[in-house]
Amino acid sequence: MSLISVETDAIEDHADLWRAPSLPYRWVIWNTTEGPTVFDRDINCPVYVDDEATLREVVRRMRAAGVPESDDYPGRPCA
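Just so we're clear, the structure is a prediction, and the values are computed from it rather than from any experiment.

Focus on the pairing of strand S2 (residues 35-40)
So, step 1. Relative to S2, strand S1 (residues 27-32) is paired through six bridges, and the arrangement is antiparallel. Bridge pairing in S2 places Ile29 opposite Val38.
So, step 2. Hairpin connection of S1 to S2: two residues between the antiparallel strands.
So, step 3. The pairing of S2 with strand S3 (residues 45-47) spans three bridges and is classified as antiparallel. Paired with Val38 across the bridge in S3 is Val47.

Let's talk about the packing of aromatic side chains
Here a ring pair, both rings aromatic, is described through the centre-centre distance and the interplanar angle of the planes.
So, step 1. Summed over the entire model, instances satisfying the criterion amount to three aromatic pairs.
So, step 2. Taking the centre distance of 5.6 Å and the plane angle of 90° together, the rings of Trp30 and Phe39 count as edge-to-face.
So, step 3. Residue classification places Trp30 among the buried residues on the basis of a relative accessible area of 18%.
So, step 4. Ring plane angle 80° and centroid distance 5.3 Å describe the contact between Trp30 and Tyr73, whose orientation is recorded as edge-to-face. With Trp30 in strand S1 and Tyr73 in the segment after strand S4 (69-70), the pair connects residues that are 43 residues apart, well separated along the chain.

Thresholds, definitions, all that
- Residues numbered from 1 in each chain as written.
- Predicted model: local features only at pLDDT ≥ 70, side-chain atom pairs only at ≥ 80, totals over all residues.
- Heavy atoms only, no water.
- Pairing = 2+ DSSP bridges.
- Helix = DSSP H or I, 4+ residues; strand = E, 2+ residues; numbered from the N terminus.
- Phe/Tyr/Trp six-rings, centres within 6.5 Å; stacked < 30°, edge-to-face > 60°.
- Buried < 20%, exposed > 50% of the residue type's maximum accessible area, 1.4 Å probe, protein only.

The following block contains the structure:
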């Protein structure tokens, strides 16, 4: 398996983050001090993407799909 194929598979593993968004949006891009991350509003926490290059591509695709983006905490208050 080639490196390009492995990278593509890793990116496609996160395809639900930018495809067919539900309303209200389940996933948003949260711009933290460490950089953009994906936030899951259903489970009220960030989504772990284990590779920086994959995260950049996932966020790029989310932006291209019109997924909302926030500089503020996009989830519910934590108890």
